[in-house]
Every structure is written in structure tokens, then in C-alpha cells.
Amino acid sequence: LAAAGEIMNDPACAAWRAGWSDQMRTNRIQVLIVQSGTHFVVDHVIDGAPAAAGSAALEGAVVAELDRIRAVAVGAGTQQVQVMTMPCRRIDPNKLDPGFRQFAEPGSDDAKVAWVNGVLARWAASHRDVVVLDLWKQLCSNGFQPTLHGVPLFHDTVHFSPPAAAMIWTWLAPASREAWRQRS
């Protein structure tokens, strides 16, 4: 839901989702890293009723989506799912496509992001083959910072800048390998 009304899923995304299990199977992907998106912090319509961030209804929808992702991954032979927590952001709606401006306020709300991260952690704790990679802790332990080590984190206040993405991978790749190494 947004001030402009309900936003439908992009058909291109649905088409991509239809084929990603085959790509995982073909490439024998052992680990899937899931980066949660800002769509988890906005209000949704579930079974015809609004569901706000922080509600049991939206938590159920987030968990159902994570369960679906995990089921597809495991069905394709993936042995571990690693889910990254959401980082803190200060999203400028004027830097976004008008169709995505509704994500600015909730995506900048640390309490809503913390709620999503809690849902992710609870969900992960209920599955032996799921691990949390805590991006929030890496980027937001001292509150929101637009730069880290002199590197601008976001190029449009939502997506990581190329230098920040490279920097994040210097943490993420070793963290992912270590989580894989410690699996039971």
C-alpha cells in the first residue's frame, strides 16, 4: 500500500523467480544469500485486509515468503540459506523513481527495520540450515552513517554505491564462508 494506492508485483520479477531454481540446480549452488528488501517494511494487503509493519499479519507474510525462498533453494539442492539483516538508511524520496517513493519513510525508520531484522532472526532460529549475516551490526552499530571508512554507502540513498558494495563483500564473503564452515 502507498499513498497512491496498491502496488502490484512486477511481471519481470515473477518471470525471474520462475527460473531461478533451475539456475541454482544447474550451477549446484550450495549456499543462497538472501538480502531482504525494503518491501518488508511497507504496509501490505493480505487477504484483502491491510497489514502494517510490525503486525502479526505482515510477520506471517514475511515468514511465508522466506519459507517459499528456502523451499525453492532446498529443492534445488542448496544446503544452507544465509539471510542478511537490513541496514539502516536515510532514504531521500526525491532520489527515487516516483513509483518507489513510498519506500522512503518506512525504509528510513530504524524501528521498522529492527522489526524486520527481528523477524529474520526468529525465522532463521527455527531452521537448522539458515544463518543470519548481520549487516545491520556491520553498518549501523553506531547509528546511521552516510559513509564508512570514507566510502559513501549509498548512491541513491537505497542501493549501495559500487565502492560500498565492494567493501561490504570484504566482510560478507568471509562471513558467508565461516557460516558454511560451521554448519552442522
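Residues numbered from 1 in each chain as written. Predicted model: local features only at pLDDT ≥ 70, side-chain atom pairs only at ≥ 80, totals over all residues. Heavy atoms only, no water.

Engineer: What's the story with the state of the cysteines in this structure? I'm lost.
Structural biologist: In a disulfide, the sulfur atoms of two cysteines are held together by a covalent bond. On inspection of all chains with the given rule, the structure shows 1 disulfide. Two residues share a disulfide in this structure: Cys88 and Cys140, whose sulfurs sit 2.2 Å from each other. Around the S-S axis, the bridge from Cys88 to Cys140 shows a dihedral of about -105° and counts as left-handed. With Cys88 in the loop between strand E4 (80–84) and helix H3 (104–107) and Cys140 in helix H5 (residues 135–140), this residue pair connects regions lying 52 residues apart in the sequence. For Cys140, a relative accessible area of 4% corresponds to the buried category. (Disulfide = S-S within 2.5 Å. Helix = DSSP H or I, 4+ residues; strand = E, 2+ residues; numbered from the N terminus. Buried < 20%, exposed > 50% of the residue type's maximum accessible area, 1.4 Å probe, protein only.)

Engineer: Got a minute to help me understand the sheet that holds strand E5 (residues 130–133) in this structure?
Structural biologist: Where strands meet in a sheet, backbone hydrogen bonds hold them as pairs that are either parallel or antiparallel. Ordered by their spatial adjacency, 3 strands build an open sheet running E1-E4-E5, and the pairing between neighbours is parallel. In this open sheet, the two edge strands, each paired with only one partner strand, are strand E1 (31–35) and E5. Each neighbouring strand pair of the sheet contributes to a mean axis angle of 25°, computed without reference to strand direction. Relative to E5, E4 runs parallel, the two being bridged by 4 bridges. Residue Val83 lies in a different strand from E5, and its bridge partner there is Val132. Packing against the sheet, helix H2 (residues 56–75) makes contact with E1, E4 and E5, and its axis sits at approximately 160° to E1. (Pairing = 2+ DSSP bridges. Axes fitted to C-alpha atoms, helices over the stretch in contact; angles between N-to-C directions. Contact = heavy atoms within 4.5 Å.)

Engineer: What should I look at first to understand the packing of H2 against helix H4 (residues 110–125) in this one?
Structural biologist: To describe two helices that pack against each other, one gives the angle between their axes and the distance between the axes. Taken N-terminus to C-terminus, the directions of H2 and H4 make an angle of 50°; their axes are 10 Å apart at the nearest point. With respect to their mutual orientation, H2 and H4 come out oblique. The two elements H2 and H4 meet at a crossing, and its hand is right-handed. Contacts from Leu58, Glu59, Val62, Val63, Leu66, Asp67 and Arg70 in H2 reach Trp115, Val119, Leu120, Arg122 and Trp123 in H4. Among the residues forming the contact of H2 with H4, the class breakdown is 8 nonpolar, no polar and 4 charged. (Parallel < 35°, antiparallel > 145°, perpendicular 65-115°, else oblique. Left-handed = near helix turned anticlockwise from the far one by under 90°. Nonpolar A, V, L, I, M, F, W, Y, C, P; charged D, E, K, R; others polar.)

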